[in-house]
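# A structural walkthrough
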Amino acid sequence: MTPLLYLVTILIWGSTWIAITWQIGAIPIEVSVLYRFVLATLTLFTLLALLRRPLRLPAAGHPYAMALGALLFSTNFICFYHATRFIPSGLSAVVFASASIFNGLLLWALEAQRPTLRWAIGALLGVGGTLLLFWPQLHAEHGASPLLGLLLACAGTLCFCGGNLVSARGQRAGYPVLTLVPWGMLYGVILLALWVLIKGEPLVLPSAPRYLAGLVYLALFGSVVAFCAYLTLVGRIGAANAAYATVLFPVVALTLSALYEGYQWQTTAWIGMACALLGNLILFAPRRLQRPRSPS
């Protein structure tokens, strides 16, 4: 079961990037993200109710859920959807795979956890690899669009990592993940709906089969199935081992990008991919040579 959960997580989250590109252009991006999370929220609440999981969240837990909604289930995805307007979806996945670097920076800035030499080496390899992956595009186009796409992808990753810290603090406060997440999605839907209302965007649902297929895939599989599979995986093998899945996301995403978006593999791209994967592997590799630490 564990290898199956691992494979499901990699294949679904690695392939959601190409499905995001199917949502671009038909209607405003904010409306597409709103549709995705309305469907995902309804599905997750229904699924948890059928499984008789506790859904009540105490009043003190709602600030955590609100922060998750703002960071993880609205702003994060708007940034990534906009990023795919300027760069291939596979490159967005590569930036996202560097989330461990952003996590380290946030922990250093917000929780005074100094990074280790191992983290610094992994971070340098990850950042250098990402720049090499983008170099052919930046060099060829001589414009700001690829750089804007890179900045948006970095902003989305930063929001994702901020959501991780909020989730961790919420769990330390005693609120289960499967209680925080559906409420966080609901608050994300509220924020997205307010943004769409303020912008005056019409709520029109495109009838194009590819758009609808992408919407269903992103909502049901990318936002519900893969998330539940990953949480189950974390429960079986631990968060550190489960995090290896993110290292393989770019492999799936860039392969699909090459097949469907015309992404061209060049020498610098191959070197960049190798550096990015090596950097993440260094960050995630088990620390067998370190002394065991006390449970505290």
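So, here's what we can say about the structure. (Residues numbered from 1 in each chain as written. Predicted model: local features only at pLDDT ≥ 70, side-chain atom pairs only at ≥ 80, totals over all residues. Heavy atoms only, no water.)

## Examining the environment of Phe227
With respect to the helices and strands, the residue Phe227 is situated in helix α9 (residues 209–237). Accessibility expressed as a relative area gives 17% for Phe227, which makes it buried. A C-alpha to C-alpha distance of 8.9 Å links Phe227 and Trp13, two positions 214 residues apart in sequence. For Phe227, the contacting residues outside a window of four places in its chain are Trp13, Val177, Leu178 and Val181. (Helix = DSSP H or I, 4+ residues; strand = E, 2+ residues; numbered from the N terminus. Buried < 20%, exposed > 50% of the residue type's maximum accessible area, 1.4 Å probe, protein only. Contact = heavy atoms within 4.5 Å.)

## Section: the nonpolar core
Formed by 53 residues in total, the largest nonpolar core has its most connected members in Val33 and Phe37. When residues of this core are traced back to their parent elements, those giving at least two are α1 (2–21), α2 (29–50), α3 (62–83), α4 (89–97), α7 (145–172), α8 (177–199), α9 and α11 (245–260). Those residues in contact with Phe37, other than ones at most four positions away along the chain, are Phe73, Phe77, Met185, Val189, Leu192 and Ser223. Judged by nonpolar contacts, the second largest core, of 10 residues, contains Ile87, Val94, Leu133 and Leu254. (Core = buried A, V, L, I, M, F, W, Y, C linked by side-chain atoms within 4.5 Å.)

## Overview of unusual backbone geometry
Positive phi, close to 60°, is recorded for Arg52, a residue that is not glycine. Here Arg52 is to be found in the loop between α2 and α3.

## Focus: the pattern of salt bridges
Summed over the entire model, instances satisfying the criterion amount to two salt bridges. Note that Glu30 and Lys199 form a salt bridge whose closest N and O atoms lie 3.8 Å from each other. Of the two residues, Glu30 is situated in helix α2 and Lys199 in helix α8; the sequence distance between them amounts to 169 residues. For Glu201, the salt bridge is made with Lys199, and the minimal N-O distance between the two is 3.6 Å. Here Glu201 falls in the partly exposed class, since its relative accessible area comes to 21%. Of the residues examined, Lys199 reaches a relative accessible area of 40% and is grouped as partly exposed. (Salt bridge = Lys/Arg side-chain N within 4 Å of Asp/Glu carboxyl O.)

## Description of the packing of α3 against α8
Their axes nearest at 7 Å, the elements α3 and α8 cross at an angle of 60°. By the angle between their axes, α3 is oblique relative to α8. Here α3 and α8 pass one another in a crossing that is right-handed. Residue-level contacts link His62, Tyr64, Ala65, Met66, Leu68, Gly69, Ala70, Phe73, Ser74 and Ile78 of α3 to Leu180, Val181, Trp183, Gly184, Met185, Tyr187, Gly188, Leu191 and Leu192 of α8. Here the residues of the contact of α3 with α8 sort into 14 nonpolar, five polar and no charged. (Axes fitted to C-alpha atoms, helices over the stretch in contact; angles between N-to-C directions. Parallel < 35°, antiparallel > 145°, perpendicular 65-115°, else oblique. Left-handed = near helix turned anticlockwise from the far one by under 90°. Nonpolar A, V, L, I, M, F, W, Y, C, P; charged D, E, K, R; others polar.)

## Brief notes about a nonpolar patch on the surface
A grouping of Ile190, Leu191, Leu194, Leu197 and Ile198 is seen on the molecular surface, where their side chains present a nonpolar patch of about 510 Å² in accessible area. Structurally, Leu194 is set in helix α8. For Leu194, a relative accessible area of 46% puts it in the partly exposed group. (Patch = residues over 30% accessible without salt bridge, like charges linked within 9 Å, V, L, I, M, F, W, Y side chains within 5 Å. Areas by Shrake-Rupley, 256 points an atom, 1.4 Å probe, with all protein chains shown as cover.)

## A short note on the packing of aromatic side chains
According to the stated counting rule, one finds five aromatic pairs in the structure shown. Between the aromatic rings of Phe45 and Trp183, the centroid separation amounts to 5.8 Å while the plane-to-plane angle is 85°, which identifies the pairing as edge-to-face. Within this pair, whereas Phe45 is found in helix α2, its partner Trp183 is found in helix α8, the two being separated by 138 residues in sequence. Judged by its relative accessible area of 22%, Trp183 falls in the partly exposed class. Summarising the aromatic geometry, the rings of Tyr64 and Tyr175 are spaced 5.8 Å apart at their centres and angled 50° between planes, so their arrangement reads as tilted. Of the two residues, Tyr64 is situated in helix α3 and Tyr175 in the loop between α7 and α8; the sequence distance between them amounts to 111 residues. Put simply, the rings of Phe37, Phe73 and Phe77 touch in pairs and so form one group of aromatic residues. (Phe/Tyr/Trp six-rings, centres within 6.5 Å; stacked < 30°, edge-to-face > 60°.)

## Topic: the environment of Gly279
Tracing the backbone through its elements, the reader meets Gly279 in helix α12 (residues 267–284). Looking at Gly279, the relative accessible area reads 1%, which means it is buried. For the pair Gly279 and Leu125, spaced 154 residues apart in sequence, the C-alpha separation works out to 4.8 Å. With near-sequence residues (within four places) excluded, Gly279 lies in contact with Gly122, Leu125 and Gly126.

## What to know about the side chain of Gln23
Secondary-structure assignment places Gln23 in the loop between α1 and α2. There is a polar contact of 3.0 Å between the side chain of Gln23 and the backbone oxygen of Tyr211. Apart from residues no more than four positions distant in its own chain, Gln23 is found in contact with Ser32, Tyr81, Tyr211, Gly214, Leu215 and Leu218. (Polar contact = N/O pair within 3.5 Å; in protein donor to acceptor, adjacent residues only side chain to side chain.)

## Details of the packing of α2 against α3
Their axes nearest at 10 Å, the elements α2 and α3 cross at an angle of 130°. Considered as vectors, α2 and α3 are oriented oblique to each other. The two elements α2 and α3 cross, and the hand of that crossing is right-handed. Within the contact between the two elements, α2 uses Ile29, Glu30, Ser32, Val33, Arg36 and Phe37 and α3 uses Phe73, Phe77, Ile78, Tyr81 and His82. Considering only residue class, the contact of α2 with α3 consists of seven nonpolar, two polar and two charged.

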